[in-house]
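# Structural overview for review
Now for the letters of each chain:
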Amino acid sequence: MSDSDGWESQLLESGFLAIFLCPLITIQRLPQETPTSGVVLWAYRWLVFRIMIGAGLIKIRGDQCWRDLTCMNYHYETQPVPNPISYYLHQTPEIVHKFETLCNHFVELIAPWFLLLSRRCRITGGIIQITFQVVLIISGNLSFLNWLTILPSIACFDDRSIQWLFSSRIGSIRDQVSSLKAKAVRGKGLHSDRLFMLAISPRSFLHLYR
C-alpha cells in the first residue's frame, strides 16, 4: 500500500470525525442533552461523496479499459488477494463484465450526488454505497478499505430509517430515543439522530436486542 492510495488519510479523517460523535462530559450510553452533531453527520456524507467521486474520476481519467468497459475482464485475476469467489466471477460472460463496469461508474460518479440531496435520495444513496462495498467484500479482498467506507455511509440514514435494527421493547434504546423525541416535539428537549451514534459503536451491537 502506497501513500498515493489515500487509505491513511481516509482512516485519519474517519477517526477524527468519530471523536465528535460522543460527548466528553458524560458516560451515559444515551446522553439526553448532547445528541449527535448534525455537522459531523454531514461531514461523513461529504467524506463518502469525495471518496467515491474521486475513485470514479481516477478510473475515467486513467486506464482506457474503464472507458471501453473492459476493465472487469481482468479485474478478478489482477486484484489484491482474490478470494475463491473471484475465480467464478471471472468466468462470467463479457457482457456481464461490461455491465459490472457500467454499475461501477454509476455508483462512483452518479450515486454520490444522491448523498447531498433530499432525505429519500440520501437514504437511497447510502443503500447503494453500502451494497456496493458489500459486493466488493464478497468478490475480492481490499483489506479494511471497504469496511472503512461503509462506516461513514451509515451517516446517510436517520433514526426513522434504521430503527428496525433496534428492539422496540419498553426500556430499550429505541424506546428511550422515542421518548426523547416526544419531549423534543413538546419543546422540552433536543431532536437529533441519536441512533446513528449507537449504530456505529461496536459495543452497541451487544445491546441491540435488549
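The text that follows walks through the structure, step by step, so that each part is easy to find. Here the residue numbers are simple positions, counted from 1 along each chain's written sequence. A pLDDT threshold of at least 70 governs which residues receive local features in this predicted model, and a stricter bar of 80 or more applies before side-chain atom pairs are shown or counted, although totals over entire chains, interfaces and linings include all residues. Side-chain numbers come from the whole structure's heavy atoms, not from hydrogens or water.

## A closer look at the overall build of the protein chain
Scanning the protein chain from N- to C-terminus turns up 11 helices and 0 strands. Starting at the N terminus, helices and strands are each numbered in turn, a helix being any DSSP run of H or I of at least four residues and a strand any DSSP run of E of at least two. Counting helices and strands in the order they occur from the N terminus, the protein chain gives α-α-α-α-α-α-α-α-α-α-α. In the protein chain, which comprises 210 residues, the share counted as buried stands at 41%. Between two residues, a contact is recorded if the distance between any of their heavy atoms is within 4.5 Å. Put simply, of all contacts in the protein chain between residues at least 6 apart along the chain, 69% involve residues at least 24 apart. The method behind every accessible area is Shrake-Rupley, applied with a 1.4 Å probe, and residues are considered shielded solely by the protein chains displayed. Here the protein chain displays about 12200 Å² of accessible surface, and carbon together with sulfur accounts for 66% of that area. Exposure categories follow from relative accessible area, calculated using a 1.4 Å probe and restricted to protein chains: below 20% of the type maximum is buried, above 50% is exposed, and the middle band is partly exposed.

## Considerations on the packing of aromatic side chains
For Phe, Tyr and Trp, where Trp contributes only its six-membered ring, two rings pair if their centres lie within 6.5 Å, and the inter-plane angle classes them as stacked under 30 degrees, edge-to-face over 60, or tilted in between. Taken as a whole and judged by the stated rule, the model has 5 aromatic pairs. Between the aromatic rings of Trp 46 and Phe 49, the centroid separation amounts to 5.3 Å while the plane-to-plane angle is 15°, which identifies the pairing as stacked. Of this pair, Trp 46 and Phe 49 both sit in helix α2 (residues 38-61), 3 residues apart, which is roughly one turn of that helix. Classification of Phe 49 as buried rests on a relative accessible area of 7%. Taking the centre distance of 4.9 Å and the plane angle of 80° together, the rings of Phe 49 and Trp 113 count as edge-to-face. With Phe 49 in helix α2 and Trp 113 in the loop between α6 (94-110) and α7 (119-139), this residue pair connects regions lying 64 residues apart in the sequence.

## Some details on helix α8 (residues 145-153)
For α8, the buried fraction is high: 7 of the 9 residues fall into the buried class. If you follow the buried residues of α8, they end up packed against α1 (7-19), α2 and α7.

## Observations concerning the nonpolar core
In a soluble, globular protein the nonpolar side chains are often hidden away together inside. For this analysis, a nonpolar core means a set of buried residues of the types Ala, Val, Leu, Ile, Met, Phe, Trp, Tyr and Cys, connected via side-chain atoms within 4.5 Å. Core analysis: the largest hydrophobic core is formed by 11 residues, namely Val 48, Met 52, Val 107, Ala 111, Leu 115, Ile 123, Ile 128, Phe 132, Cys 156, Phe 157 and Ile 162. Going through the elements one at a time, α2 and α7 are the ones with two or more residues in this core. The dominant element in this core, judged by the number of residues it contributes, is α7, at 3 residues. Setting aside residues no more than four positions away along its own chain, Leu 115 makes contact with Trp 42, Arg 45, Val 48, Phe 49, Arg 122, Gly 125, Gly 126 and Cys 156. Of all hydrophobic cores here, the second largest spans 7 residues; its members include Val 40, Leu 41, Leu 47 and Ala 155.

## Things to note about unusual backbone geometry
For Leu 69, which is not glycine, the phi torsion reads 65° and is therefore positive. Take Leu 69: it is sitting in the loop between α3 (64-67) and α4 (72-78).

## Digging into the packing of α7 against α8
The interhelical angle for the contact between α7 and α8, taken along N-to-C directions, is 165°, at an axis separation of 9 Å. One finds that α7 runs roughly antiparallel with respect to α8. Here the hand of the crossing between α7 and α8 comes out left-handed. Counted together, Gly 126, Gln 129, Ile 130, Gln 133, Val 134, Leu 136 and Ile 137 of α7 and Asn 146, Trp 147, Thr 149, Ile 150 and Ser 153 of α8 form the full contact between these two elements. When residue character is reported, Ala, Val, Leu, Ile, Met, Phe, Trp, Tyr, Cys and Pro are called nonpolar, Asp, Glu, Lys and Arg charged, and the others, Gly included, polar. Here the residues of the contact of α7 with α8 are counted per class, giving 6 nonpolar, 6 polar and no charged. All axes are obtained by fitting lines to C-alpha atoms, using only the stretch in contact for helices, and the reported angles, taken between N-to-C directions, cover 0 to 180 degrees. Between 65 and 115 degrees an angle is taken as roughly perpendicular, under 35 as roughly parallel, over 145 as roughly antiparallel, and anywhere else as oblique. Helix crossings fall into two classes, left-handed where the near helix is turned counterclockwise from the far one by less than a right angle and right-handed where it is turned clockwise.

## So, the state of the cysteines
Any two cysteine sulfur atoms lying within 2.5 Å of each other are counted as a disulfide. All chains considered together, the criterion is met by 1 disulfide. Here Cys 65 pairs with Cys 71 through a disulfide, and the sulfurs are 1.8 Å apart.

## Thoughts on α2
Each helix should span, by expectation, one fewer than its residue count multiplied by 1.5 Å. With 24 residues, α2 ought to run about 34 Å at 1.5 Å a step, and its terminal C-alpha atoms sit 34 Å apart, in line with that. Among all positions in α2, only Val 40, Leu 41, Tyr 44, Arg 45, Leu 47, Val 48, Phe 49, Met 52, Ile 53, Gly 56 and Lys 59 are buried.

## Focus: a nonpolar patch on the surface
On the surface, Trp 42, Trp 46, Trp 113 and Leu 116 cluster together into a nonpolar patch covering about 440 Å² of accessible area. A residue is classified by how much of its surface remains accessible, and Trp 46, at 44% relative accessible area, is partly exposed. Like-charged residues within 9 Å of one another, or nonpolar side chains (Val, Leu, Ile, Met, Phe, Trp, Tyr) within 5 Å, are grouped into patches, provided each residue has over 30% relative accessible area and no salt bridge. Every case where a carboxyl oxygen of Asp or Glu lies within 4 Å of a side-chain nitrogen of Lys or Arg is listed as a salt bridge.

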